[in-house]
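Here are the chains, one letter per residue:
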Amino acid sequence: MDTPSEVTRLLHSAQAGDTAAMDEALRQMYSALHRLAGAQLRQNSSERTLSATALVNEAYLKVFGGNGAPAWESRGHLLGVAARAMREVLVDAARRRRASKRPQENDRIELSEISGALTPEVDYAALLESLEALEQIDPRQANIVSMRFFVGLSAEQIGAAMGISPATVQREWRLARAWLQRELQS
């Protein structure tokens, strides 16, 4: 299993021009993200159109499909970008389902609670709109929500990735969760 320091070391070697290091870092991260995606999709019964492999591959294309190789500061930076890409893929899938010919009332699923993991009844389109609004108010809280909700990272992992204490992550998570619940209920 990849360790944060090993992946970060590989990413720094890749920036220095070692293509084998980038390949290894991506292989390790792909494996970790695939496990997380599988766990998320098993908990989310409303998402039947994506497999874990499809979710990770779509996110991978969003992250690496552009021009040039991105410059990664650390494993945490890569996880943050991947979390955002996975979120966008899930939201896009939800929007496609909403746009189908079925009546929209029957197709909508309300977000009942934001916990540390995906719940079976998540309206990703509404969640994305609320996250975008939160990002305008507090980008750090929005990033914490993305890393916790979409990637399933713990407070310790998020703290290490963002360079803040786990207690700060927990405090920001509670504030963001309460704000999102209020927004999604209105």
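Since the structure is predicted, the reported quantities are computational estimates derived from the model, not experimental observations.

Each value, and the rule that gives it
- Residues numbered from 1 in each chain as written.
- Predicted model: local features only at pLDDT ≥ 70, side-chain atom pairs only at ≥ 80, totals over all residues.
- Heavy atoms only, no water.
- Helix = DSSP H or I, 4+ residues; strand = E, 2+ residues; numbered from the N terminus.
- Buried < 20%, exposed > 50% of the residue type's maximum accessible area, 1.4 Å probe, protein only.
- Contact = heavy atoms within 4.5 Å.
- Areas by Shrake-Rupley, 256 points an atom, 1.4 Å probe, with all protein chains shown as cover.
- 1 Å grid on protein atoms, 1.4 Å probe; cavity = no way out; pocket = protein on both sides within 12 Å on 5 of 7 lines; lining within 4 Å.
- Points joined across faces, edges and corners; volume = space filled by probe spheres on them.

Student: So what exactly am I meant to see when it comes to the overall build of the protein chain here?
Tutor: The helix and strand inventory of the protein chain stands at nine helices and zero strands. Among the 186 residues that make up the protein chain, the fraction classed as buried is 45%. Restricting the contact set of the protein chain to residue pairs at least 6 apart, pairs at least 24 apart contribute 62%. If you sum the accessible surface of the protein chain, you get close to 9,600 Å²; carbon and sulfur atoms cover 50% of it.

Student: What's the story with empty space enclosed by the protein in this structure? I'm lost.
Tutor: If you roll a probe as big as a water molecule over the atoms, it shows you where there is empty space left. The final tally for this structure, using the stated rule, is two cavities of 30 Å³ or more. Of the voids in this model, the largest cavity is the one considered here, and its volume is about 120 Å³. Lining the largest cavity are L26, M29, Y30, L33, V56, A59, Y60, V63, F64, L78, A82 and M86. At the level of elements, helix 2 (19–43), helix 3 (52–64) and helix 4 (75–98) are the ones that each hand at least two residues to the lining of the largest cavity.

Student: Would you mind showing me how to read the environment of L33 here?
Tutor: One can find L33 in helix 2. Exposure remark for L33: the relative accessible area of 10% places this residue in the buried category. For the pair L33 and A52, spaced 19 residues apart in sequence, the C-alpha to C-alpha distance is 8.9 Å.

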